[in-house]
Amino acid sequence: MARTCALLALICPVAKVTPLNFLRDSAAALGFGFELLPPRETVTVEGARLKIPCRPMKTNKGVANVTWTKDGKPINEASSYVLQDGSLLISKVSKVDVSSQYRCVLEMGTRKVVSPPLNLVLAAAGAWQMRPKKAKGREGSPVRLTCHMPSLPTAQLFWYKGSEPLSIETNSRYYQPSPGVLQITNITQEDSGIYKCKGVNPLIKNDFMSPGVQLVVEGHHHHAPNGDAEGEEEGRGGEVAELAPLPRSKPTLLATPSKVEVQVGHRTVLECITDDVSNPKLLWSRIDGREIRRSGVRTEGQGSLAFQAVKEYDAGVYNCSVVSPLLKSPVTQMFELSVLKPPRVNITIIPQGGQVPNGESIVRINCSASGFPRPEISWYKDGKAVPLSGRHIFDTLEMDRNFTLEQLAIREILLWQRNFRLSQDLGVFQCIAKNRAGVASEGVLLTVKLSPNMPGVAQNVTVLDKTSKSILVTWSPPTPVVLNKYHSDVGYVIHYLEIAGSDQEKQVVTNNTSFRISELRPYTLYSIYVRTFTIELDQIHPLFGEPTPSLLVQTQPDVPTKLPDVRLTALSPTVLRVQWELLTQEQARGPVTHQMVEWRRNGASDNSFVEVSPEDNVYDIKDLHPNKWYDARVLARTPAGYPDAQLMTWEKVKMLKKGNSDKRPTLHLSVNSDNPTQILVEWELAKDLRAQVFSYSVSYNNSHGSESHRNLQASASSIILDDLEVGTCYSVCVVPMYKRGRETDKTSVTQTICTLTPSPPHIPPTDNNAKIGVKKVKVKTLSTTSIQVTWRPKGRRVTPEFFTVKVVHLGKQKVCKDKDLDSPKDVDGDQSQSEPLRGNPPQPLKESQTVVPDPEDSGEEGEGEEPEVRYWRVTGRKVILNDLKPLNQYEISVSASTLAVSSALSEPVVVTTTEGVPTAPLNVSWKAATPKDVDLVWSRPEHINGHLLYYLVTYSHDLLEWKNHTVDSHFTSTQIRDLVSNTNYTVQISGVTRGGRGTLTTVFVYINATLVGEPHISTELVVIIVVTLLAAITFTVVVILCLRVIRLRQSAATSAFQGNGTCRMIYANGLKPASRDCTELNDYKPMLTSLPPAIHNHHLDTKGGPGAHGDGVVVNCLLEVNASSMNQGDVPNENHVPPRDGIGSSNLEDSLDDIDDDDDASSKLLQTISDGCSPLTTDLDSRCTGESTQVEPGCSSSDSGAGAVEVTASS
């Protein structure tokens, strides 16, 4: 359809997008929103007529106006216009349209909202990237073929056998779990043949056919020979992909484990296929122990798990296990299913309602977005990105794997001006969140309160002067400036911000109408605006006005801070190439207007120069003298001038000798004992000559006279000559073929080298000829597996043809195991860790732990074996030895040779390669020990590549925060504790050496809250038991307290004087006091420990109640009573005391006889009272004297009770 649209110039519609989560919740409050959204990406073809949908919704406030922007600017082109329904029509798509970004804008008055950006992409198709390779299988086994072609839009893929399409729908043995993947089960001889994949792009005319793959089906009794049998390929460039191998004793899974990402509601398949021919069972399970839902999920093909419509519940790690008679234990493969969830946005504003006062108030707009992967948030105001200024502060308050909370804080809210023009802070603030699954947005309307006394705006803001480091700004006061009883003063705030620099806005305050802003950066663009403020007499804070329009001012240039960095290369004995890095804006401090290349003979006073373009960064200096030292430099100039003189330093280089021809390539031949009959030929040509070469000719001949030729393309720089004779010398000639036909004898280069023999080459033990030899052998360790060896020939009379390097492997370097080195202090890792890496102290050996002997400690490695010896033969004076072992010692010596004679080996040099990192630990498995602990077991890495310090175990539940656990290198098991049950954990295990952290092995751990075989205790039963026990305990405590209170009350004693002065005392212990006269006041023992408060005017109905006069008025409990007055008859006769509570006077006297005065301190209290002194104070108020007939405020009243004393005095 789209192809036809492009050809016939018809309108090509674009898929419509319903805005489920785009301004849906806030549309009612804003008064407008989207009914249809444009898509985020549209694939089209050049020249097509394209219609992009966008439709506003109808609300109670009407329908918003629709406009479109292209790269942020309103569209004003003849080829593009907005239709009545809001759609954008592009009459003819061009390449310029494709490189632009489009947005649909809704306008309601001064308020605006924008759609997500739309990108146009031209349809295209690429080459086949995943080609099947040759497939061979036994009859009855399955095979799996794959193909993939990058295409926009996604191409439709069809499988062919030969020239006929496969009938996948009608043949049950064919299954396509996903486009480009073909599974064939129970293959037969009829399945043999050539398979191809055809790709169809709906917008491009051409169909694309993949290379062919040949499937060879062998019978049950046919045994395949070693190696892959060659099969014919059909079609040009036909290739075959590796498929199911012949079944082995241990079956394998053919599908590659992968992480599958799919959006909610879409179909996906977790592919599982095995080469087992014994009718195996393929079982699926989730690593977290949750059940795989049955509705909408089924197995297809041999055992692939297909989800018809993915839900969020389906996200997790799945295991596909093969149960077969050929396997002792199931073979398992893991698949991680990630469910992509489109964003959802919630937006709030503080203060609530979005209405704020003027001046220093701050508005905080919070936008929370949930989705997977975690959405990214961007802010817009009235259709434009929120400007970068010191008043707008962005802050991320919270973030996790699928949630983010971001806050936009707006300081110093700006309101209306005197002419009621709307402020720049009024409008719709829109939060847009997007991820790979979709886009969502919500908006909020910000309104403000109008102040009646708000100051006006400064007028005529201009820049009067500027330098490289300062700007002088001037302005006029607002018209008119009203200073009445409300305004006492007027001032100005100058705001300035470096554009494309720091987001921190700076401010200065002044009372003048001009100000010079200093300490600025040269040649830097600044945004400047001025605000007026007034101070009211009855207010603490000033009242701010609106800002002036921003001025964009650039400071003046300055001289550069440095010279460009220069690299000098001698291309020939007379040509020197000067290359340099252009200065950055910060280094140049202005536009570079001139560049100058200067050079001179080293140390000379005079120099030559040439000016080049400011954009150039390379220049060739010619006609120099060979084999001489030269100085060169590059100067950059801005309008302010050249850099300071002290910065003008030189770089020096030595030119090539005259004999060196720049037309000849540099040739290097090498042979090593691993491939003794191969010669590696490498050459390098000067860069300026490479473009002039159209091919290379390589010829070689041996001492027997046979010669061979090979022609190579111009981009070649090496070739391997193989299938040569052993122990034979070859002359190799390389000739660059120039386009202008230069003479080959002046451009060719020839070298000679001899191949090696399976036995060690003959090298004399001592030097028989002092004219040839090697000196100054130096070695340099390049990496964990490579060493560079350099040397110089000993004599100049005889030029060696080649050199032989002998490398003896001495074995692994013994490492002193320093505790400080073994401790895990510095380990490089990509994970963000929640705590610093630390070493755990050695733990006692558990039953589940096994000690693995360290091969380094055993000392058995390499004992009794001959050291490995290897040879390299090269024509140059340098060789790089590769494929060495990390942390191993090697002895290196060099010999020089001609075709006739060889020198003895040089003095050996011993070198040690650096320590590498271990390979991944093997056979990692886990088992739940408790609902919170897990046991991990693994095997040592296959290659340690150094000294194993310890194992590092890292684990995380959200892939954001990682915790570390270290294990001693002698153990291959550990226990991770305090995990959270029913939670997915990703566990990574690796070995650590001094070279760093090794390759990771990742496993997924999930512990159920109740382990298998563990008795399950009902939660409800536990709650009932706990509540019952608490109730019983509470009831027991209450009963005990009640009994105690009753007992105390029953055992309490009371003492009092009757109204006639007779003593009435009852003790709590029930003992009778000693036989004494009860009228003796100083012998009474009251049980008071504190005095009760005074009670006013408590009139009693009885005449002689406790502590009362005959008139019923209560007297204070403490009276200044004189003992003599009591002896003079103030105390009435005890015979007149009426019986109280069943106690007569005689009983009371008997009780008092039992009191032991010496052991009771209360007798001292009454003794003091009888002497007229209070034990609590030495100066009682006169209101408490005996002459009172009623209790005054502040005096204590006698309160009849246990241990209380009641005193009655006659008036």
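### Some remarks on the overall build of the protein
Counting its secondary structure elements, the protein contains 11 helices and 79 strands. Within the protein, buried positions represent 44% of all 1211 residues. Pairs at least 24 apart in sequence give 68% of the contacts found in the protein among residues at least 6 apart. As presented, the protein carries roughly 64100 Å² of accessible surface, and 50% of it is formed by carbon and sulfur atoms.

### Focus: the nonpolar core
Counting residues in hydrophobic clusters, the biggest one holds 29 residues, and the most contacted among them are Phe34, Ile52, Trp68, Ile90, Leu106 and Val113. Contributions of two or more residues to this core are made by strand E4 (49–52), strand E8 (65–70), strand E11 (88–90), strand E12 (101–108), strand E13 (111–114), strand E14 (118–122), strand E39 (427–435) and strand E40 (438–448). A total of four residues in this core trace back to one element, the largest contributor, which is E12. Excluding residues that lie within four positions of it along the chain, Val113 makes contacts with Leu23, Leu30, Phe32, Phe34, Cys104, Val105, Leu106, Val428 and Gln430. Leu667, Leu669, Val681 and Ala686 belong to the second largest nonpolar core, which has 28 residues in total.

### Quick notes on the sheet that holds strand E61 (residues 729–738)
Ordered in space as E59-E58-E61-E62, the four strands form an open sheet in which the pairing is antiparallel. At either margin of the open sheet sits one strand with a lone partner, and together these are strand E59 (707–713) and strand E62 (749–754). Across the sheet, the mean angle separating the axes of adjacent strands is 20° when strand polarity is ignored. Two strands pair when backbone bridges link them, and strand E58 (residues 693–702) and E61 are joined in this way by nine bridges, in the antiparallel orientation. By the bridge assignment, Val698 is partnered in E61 with Val734.

### Here's the deal with a positive patch on the surface
Where like charges cluster on the molecular surface, the positive patch consists of Lys775, Lys776, Lys778, Arg792 and Arg877. Counting residues per element, the positive patch draws most heavily on strand E63 (residues 774–781), at three residues. Arg792 sits in the partly exposed class, given a relative accessible area of 41%.

### Observations concerning unusual backbone geometry
Of note, the bond from Leu152 into Pro153 is cis; its omega dihedral lies within 30 degrees of zero at -10°. Relative to the helices and strands, Pro153 is located in the loop between strand E18 (151–152) and strand E19 (156–161). Following Phe372, the chain continues to Pro373 via a peptide bond in cis, the omega torsion being 0°. Mapped onto the secondary structure, Pro373 falls in the loop between strand E34 (363–372) and strand E35 (376–381). Despite not being glycine, Asp723 has its phi angle at roughly 55°, a positive value.

### Description of a nonpolar patch on the surface
Taken together, the side chains of Ile499, Leu525 and Leu552 define a hydrophobic patch exposed on the protein surface, amounting to about 250 Å² of accessible area. Mapped onto the secondary structure, Leu552 falls in strand E48 (residues 551–554). With a relative accessible area of 59%, Leu552 lands in the exposed category.

### Description of the state of the cysteines
Per the stated rule, a full pass over the model turns up five disulfides. What pairs with Cys729 in a disulfide is Cys754, and their sulfur atoms sit 1.8 Å apart. A torsion of 80° about the S-S bond marks the disulfide between Cys729 and Cys754 as right-handed. Taken together, the positions of Cys729 in strand E61 and Cys754 in strand E62 put the pair 25 residues apart, joining distant regions of the chain.

### What about the sheet that holds strand E64 (residues 787–793)?
With antiparallel pairing, three strands are arranged side by side in an open sheet as E63-E64-E67. The open sheet terminates on both sides in strands that have one partner only, identified here as E63 and strand E67 (878–881). Across the sheet, the mean angle from the axis of one strand to that of its neighbour is 20°, orientation sign disregarded. Across four bridges, E64 lies against E67 in antiparallel orientation. Considered in E67, the bridge of Gln788 is made with Ile880.

### With respect to the environment of Val987
Here Val987 is to be found in strand E75 (residues 984–993). Through-space distance from the C-alpha of Val987 to that of Asn964 is 10.0 Å; in sequence the pair is 23 residues apart. The contact partners of Val987, leaving out residues within four places of it in the chain, are Leu936, Val953, Thr954, Tyr955, Ile976, Thr1001, Thr1002, Val1003 and Val1005.

### Side note on the side chain of Thr185
Mapped onto the secondary structure, Thr185 falls in the loop between strand E22 (181–184) and strand E23 (193–200). What makes Thr185 buried here is its relative accessible area of 17%. When neighbours within four sequence positions are excluded, Thr185 is seen to be in contact with Ser141, Pro142, Arg173 and Gln302.

### Things to note about the environment of Asn21
Inspection of the secondary structure puts Asn21 in the loop between strand E1 (11–13) and helix H2 (27–30). Along the chain, Asn21 and Pro342 lie 321 residues apart, while their C-alpha atoms are 8.8 Å from each other. Not counting residues within four places of it along the chain, the set of residues in contact with Asn21 comprises Pro343, Arg344, Ala440, Ser441 and Glu442. Reaching out from Asn21, the side chain makes a polar contact with the side chain of Arg344 at a distance of 2.8 Å.

### Quick look at the confidence of the model for the protein
Taken residue by residue, the protein gives an average pLDDT of 76. The fraction at 70 or more is 71%. Per-residue pLDDT stays below 50 along residues 857–862; that stretch engages in four contacts with residues further than four places along the chain or on separate chains.

### Some thoughts on the packing of aromatic side chains
Under the definition given, this model contains eight aromatic pairs. Centroid distance Trp284 to Phe335: 5.7 Å. Interplanar angle 45°. Geometry classified as tilted. Placement of the pair is Trp284 in strand E28 (residues 281–286) and Phe335 in strand E32 (residues 331–350), with a sequence separation of 51 residues. Classification of Trp284 by relative accessible area gives buried; the value is 15%. For the ring pair Phe307 and Tyr318, a centre distance of 5.8 Å and an interplane angle of 75° mean the geometry is edge-to-face. One end of the pair, Phe307, is in strand E30 (residues 304–307); the other, Tyr318, is in strand E31 (residues 316–323), and 11 residues separate them in sequence. Neither Phe307 nor Tyr318 differs from the other in exposure class; each is buried. Its end group placed over the ring of Trp650, Arg600 keeps NZ or CZ at 4.2 Å from the ring centre. Directly above the ring of Tyr630 sits Arg601, whose terminal nitrogen or CZ lies 5.9 Å from the centroid.

Conventions adopted
- Residues numbered from 1 in each chain as written.
- Predicted model: local features only at pLDDT ≥ 70, side-chain atom pairs only at ≥ 80, totals over all residues.
- Heavy atoms only, no water.
- Helix = DSSP H or I, 4+ residues; strand = E, 2+ residues; numbered from the N terminus.
- Buried < 20%, exposed > 50% of the residue type's maximum accessible area, 1.4 Å probe, protein only.
- Contact = heavy atoms within 4.5 Å.
- Areas by Shrake-Rupley, 256 points an atom, 1.4 Å probe, with all protein chains shown as cover.
- Core = buried A, V, L, I, M, F, W, Y, C linked by side-chain atoms within 4.5 Å.
- Pairing = 2+ DSSP bridges.
- Axes fitted to C-alpha atoms, helices over the stretch in contact; angles between N-to-C directions.
- Patch = residues over 30% accessible without salt bridge, like charges linked within 9 Å, V, L, I, M, F, W, Y side chains within 5 Å.
- Salt bridge = Lys/Arg side-chain N within 4 Å of Asp/Glu carboxyl O.
- Lys, Arg positive; Asp, Glu negative; His and termini not counted.
- Charge placed at Lys NZ, Arg CZ, Asp CG, Glu CD.
- Disulfide = S-S within 2.5 Å.
- Polar contact = N/O pair within 3.5 Å; in protein donor to acceptor, adjacent residues only side chain to side chain.
- pLDDT = per-residue confidence, 0-100.
- Phe/Tyr/Trp six-rings, centres within 6.5 Å; stacked < 30°, edge-to-face > 60°.
- Lys NZ or Arg CZ within 6 Å of the ring centre and 35° of its normal.

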